[in-house]
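Notes for the structure review
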Amino acid sequence: MKAKTETKDALRRYRDKFSTIFNKYFDYHKKNLVFPLIFILIFYGVALILRLNTGKNFYLFNFVYIGTALGLGLFMSSSLRKTYAGLGRRITQFLIGAYMLIFVGFLLQENIQIEGFFFYTFSGVFTGAMLHYIIAKIIGPLIFNRGWCGWACWTAMVLDVLPWKNPQEGRNRSFEKLRYVSLLLSISLAFMTWFVLGIKNPTNLDEDARFWMITGNIIYYTFGIALAFIMKDNRAFCKYLCPIAVIMKLTAGFSLLKLGIYKKRCTECGLCEANCPMNIKLLDYKKQGKRILSTECILCSTCIDSCPEKAIHMTFKYDFGFQEYLNYQETTTPAVLGKSNNKSPIRITAVMGTTRKGENERVVEKIKKHIKEDGDIQFDIIYLKDKNIEFCRGCHNCILIGEDKCPINDDVKGIEEQLMLSDGVIFVSPAYALNVSAIMKNYMDRTAYNCHRPKYFNQRAMLVCNSSPFASKKVIEAMSSVFDASGFHITSSLETFYLPVALSSEEMKRLERRIEEKSKKFIQSIKSQMPRKPIGIGGHMHFFFMKKNAEKFPEIFQADYKYFRQRRNLKWFVDTSLDKKQYFLFKLIKPLVEKKYDKLFK
């Protein structure tokens, strides 16, 4: 009796331990079995039909193996917790890719390269390679889309091991034409073998199938790895050189299996697009109420795994379309200091962080008067209180994947566009509790990504605060730290002391002279294209930490990585003069700073 009790206790402990481990890695629901079972039944059915019609056991083994591997991967992909979700696809990719390459290609000596397929097509001989291409590459995409590329391709099996899973730059539009050239070369090779060289006996060619497989794969892997390294994109080969993709795109547009997006769940955070290895603009399809119709989609499920709202899912129904909404590379280059975008007239914009029209506006009107005395100058005023600026939600999209991925659609973008078109910007804030006003702080919070990726290098800035001297100093310091980090060349600051009480005539005159002097200095800094003060050690530290984060964590700081790739040969954000002594000191302490930095992270 005691032995039975101990046995039950041991079994319960093992069961609990297994349950704990299982729940750590899996989030299992019965619905997770639906898609895997559908795919398994399809492949098992094909295996049975081919076995009965041909009498060959190989087809039974082949399709049962592939169906089982695919079903296992789909189950794991849908059941594993988010941290491990991509593991399911990778397991299937290795199981099928290695099987096709090593077992079918090398051991069975089937020339399943695309060139072999075309040769057999010219010869009119039906082989395993013919069956493979017809099912996987021509008919298959009608049902499974380009799932082969994401789940079974033996070339991608190796390329996906490389470190550039999420391309930080968009597609190169010109390079896309190369895969059509690659397809033409593959056809031409088979054509020359058959018609020019006169090798018309497929049996003789089969004897060299292993040679053709090894040679072909060495070529494809060499080009694939080289492209991935050069373009920092694992799937560059798939986008620009793979000839098979051209064939699969013809039928993929009619695929029953495509991705869909639940409109009510989607917050348009942009994480799906930022992580898509094929640079597909998924949200453009969602806005049109369509499934993802792009024939570039490889069903890799990366977007599903990265969506925090579980808004993206596999769908199985009939529709068709060939609309391609893809992210392409920008052609912009880093700004160069001293070259203003606008020459005539000079454009000044004042950004008012005040909740009412009072002393700060009075100061700005005086500044405007003195500035306009210098000639043809456009002077605009933006009242933040009159703009629709929502509070930051803290989603980090703007910092990590780009300011265009902010889920909030308000007036911030319009304000930034106006500031970018300005030659000079005046930031104005009263002192609230020894800091900037709430609306100015909110604007600074909403544009904090500029501290990671400064862009206002062509704009001179003036900082203004009307309050007591001690409070004004705090406000100026707060604005200076943020707007300097955003790239503004701060050429002057103005602290005034207008209060709702009478000031002495002497103090009034002193304030008037100060306003006039600062206003003249500001407009002259714009007219003379005053160069930025040589970068000190603080500026170099800022550049170092932002760039270091982007290089160490490119899959997290995706927008920063793209930004700093354009500046990889610069010593600072833009090409400007450096304080040699300060730069030398920074170089001395840089090894210590790097060592300290590396200790902070794994």
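About the thresholds
- Residues numbered from 1 in each chain as written.
- Predicted model: local features only at pLDDT ≥ 70, side-chain atom pairs only at ≥ 80, totals over all residues.
- Heavy atoms only, no water.
- Helix = DSSP H or I, 4+ residues; strand = E, 2+ residues; numbered from the N terminus.
- Rg over C-alpha atoms; globule rule 2.2 N^0.38 Å.
- Buried < 20%, exposed > 50% of the residue type's maximum accessible area, 1.4 Å probe, protein only.
- Contact = heavy atoms within 4.5 Å.
- Areas by Shrake-Rupley, 256 points an atom, 1.4 Å probe, with all protein chains shown as cover.
- Pairing = 2+ DSSP bridges.
- Axes fitted to C-alpha atoms, helices over the stretch in contact; angles between N-to-C directions.
- Polar contact = N/O pair within 3.5 Å; in protein donor to acceptor, adjacent residues only side chain to side chain.
- Parallel < 35°, antiparallel > 145°, perpendicular 65-115°, else oblique.
- Left-handed = near helix turned anticlockwise from the far one by under 90°.
- Nonpolar A, V, L, I, M, F, W, Y, C, P; charged D, E, K, R; others polar.
- Phe/Tyr/Trp six-rings, centres within 6.5 Å; stacked < 30°, edge-to-face > 60°.
- pLDDT = per-residue confidence, 0-100.
- Patch = residues over 30% accessible without salt bridge, like charges linked within 9 Å, V, L, I, M, F, W, Y side chains within 5 Å.
- Salt bridge = Lys/Arg side-chain N within 4 Å of Asp/Glu carboxyl O.
- Disulfide = S-S within 2.5 Å.
- Core = buried A, V, L, I, M, F, W, Y, C linked by side-chain atoms within 4.5 Å.

Looking at the overall build of the protein
Counting its regular elements, the protein contains 26 helices and seven strands. Relative to the 2.2 N^0.38 estimate, which gives 25 Å for 602 residues, the radius of gyration of the protein is 32 Å and therefore markedly larger than a compact globule would have. Its C-alpha atoms give the protein principal-axis dimensions of about 110 × 85 × 50 Å. Burial analysis of the protein (602 residues in total) assigns 49% to the buried set. Pairs at least 24 residues apart make up 80% of the contacts formed inside the protein by residues separated by at least 6 positions. If you sum the accessible surface of the protein, you get close to 30,300 Å²; carbon and sulfur atoms cover 62% of it.

What to know about the sheet that holds strand β5 (residues 424-428)
The five strands lie next to each other as β4-β3-β5-β6-β7, forming an open sheet whose pairing is parallel. The sheet terminates laterally at β4 (377-383) and β7 (489-496), the two strands that pair on one side only. On average, each strand axis in the sheet is tilted by 15° relative to the strand beside it, whichever way the strands run. Where strand β3 (residues 346-352) lies against β4, seven bridges are found, and the strand directions are parallel. Across the sheet, residue Ile346 finds its bridge partner in β4, namely Ile377. Sheet strands in contact with helix α17 (residues 359-372) are β3, β4, β5, β6 (460-466) and β7, and its direction is about 165° off that of β4. In the packing of helix α23 (residues 505-527) onto the sheet, the strands contacted are β3, β4, β5, β6 and β7, and the crossing angle to β7 comes to about 170°.

Quick notes on the side chain of Lys137
As for its placement among the helices and strands, Lys137 is situated in helix α6 (residues 128-144). Given a relative accessible area of 1%, Lys137 falls into the buried group. Side chain to side chain, Lys137 and His132 meet in a polar contact 3.3 Å long. Among all residues touching Lys137, those that are not within four sequence positions of it are His132, Trp148, Ile244, Ile247, Met248 and Thr251.

Let's talk about the packing of helix α20 (residues 438-446) against helix α22 (residues 469-485)
It is the contact of α20 with α22, at a shortest axis distance of 11 Å, that shows an interaxial angle of 20°. Judged by the inter-axis angle, α20 sits roughly parallel to α22. When you trace α20 past α22, the crossing you get is left-handed. The segment α20 lies against α22, with Met440, Tyr443 and Met444 engaging Ala478, Met479, Val482 and Phe483. Its residues assigned to classes, the contact of α20 with α22 comprises seven nonpolar, no polar and no charged.

Quick look at the packing of aromatic side chains
Scanning all chains against the criterion turns up 31 aromatic pairs. Their ring planes at 35° and their centres at 5.1 Å tell us that Phe39 and Phe144 sit as a pair that is tilted. Taken together, the residues Phe39 in helix α2 (residues 34-54) and Phe144 in helix α6 connect sequence positions 105 residues apart. Looking at Phe39, the relative accessible area reads 7%, which means it is buried. With a relative accessible area of 17%, Phe144 lands in the buried category. With centroids separated by 5.9 Å and ring planes inclined at 70°, the aromatic side chains of Phe457 and Trp572 adopt a geometry described as edge-to-face. Of this pair, Phe457 sits in the loop between α21 (449-452) and β6 while Trp572 is found in the loop between α25 (558-565) and α26 (580-600), placing the two residues 115 residues apart along the sequence. Across this residue pair, the class does not change: Phe457 and Trp572 are buried. Among the aromatic residues, those joined into a ring-pair cluster are Phe457, Phe543, Tyr563, Phe564, Trp572 and Phe573.

Some words on the confidence of the model for the protein
Here the protein averages 84 in pLDDT, while 90% of its residues score no lower than 70. Counting contacts from residues 335-342, a segment whose pLDDT is below 50, to residues more than four positions away or on other chains yields 25 contacts.

A short note on a nonpolar patch on the surface
Where nonpolar side chains cluster on the molecular surface, the patch consists of Ile138, Ile139, Leu142, Phe254, Tyr318, Phe320 and Phe322 and spans about 650 Å² of accessible area. Take Ile138: it is sitting in helix α6.

Brief notes about the state of the cysteines
The tally for this structure, following the rule as stated, stands at zero disulfides. Left without a disulfide partner, Cys395 is nearest to the cysteine sulfur of Cys406, which lies 5.9 Å away. In this structure Cys465 is a free cysteine whose sulfur lies 19 Å from that of Cys451, the closest cysteine sulfur available. Take Cys465: its relative accessible area is 0%, and that puts it in the buried class.

Some thoughts on the nonpolar core
The biggest cluster of nonpolar side chains holds 80 residues, and the ones touching the most others in it are Met100, Trp148, Ile280 and Leu282. Excluding residues within four positions of it along the chain, Met100 makes contact with Ile66, Gly105, Ile112, His132, Trp148 and Trp154. Counting residues in hydrophobic clusters, the runner-up holds 30 residues, among them Met440, Met444, Tyr456 and Ile476.

A word on the packing of helix α24 (residues 537-552) against α26
In a pair of packed helices, the angle between the axes and the distance between the axes together describe the arrangement. Across the interface, α24 lies against α26 with an axial gap of 10 Å and an inter-helix angle of 35°. Here the hand of the crossing between α24 and α26 comes out right-handed. Contact residues: α24 offers Ile537, His540, Met541, Phe544, Phe545, Lys548, Asn549 and Lys552, while α26 offers Gln582, Tyr583, Leu585, Phe586, Ile589, Lys590, Val593, Glu594, Tyr597 and Asp598. For the contact of α24 with α26, the per-class residue count stands at ten nonpolar, three polar and five charged.

Overview of the environment of Gln113
Its place among the elements puts Gln113 in the loop between α4 (86-107) and α5 (114-123). For the pair Gln113 and Pro243, spaced 130 residues apart in sequence, the C-alpha to C-alpha distance is 11 Å. Setting aside residues up to four positions removed in sequence, Gln113 forms contacts with Tyr133, Trp154, Trp212, Met213, Gly216, Asn217 and Tyr220.

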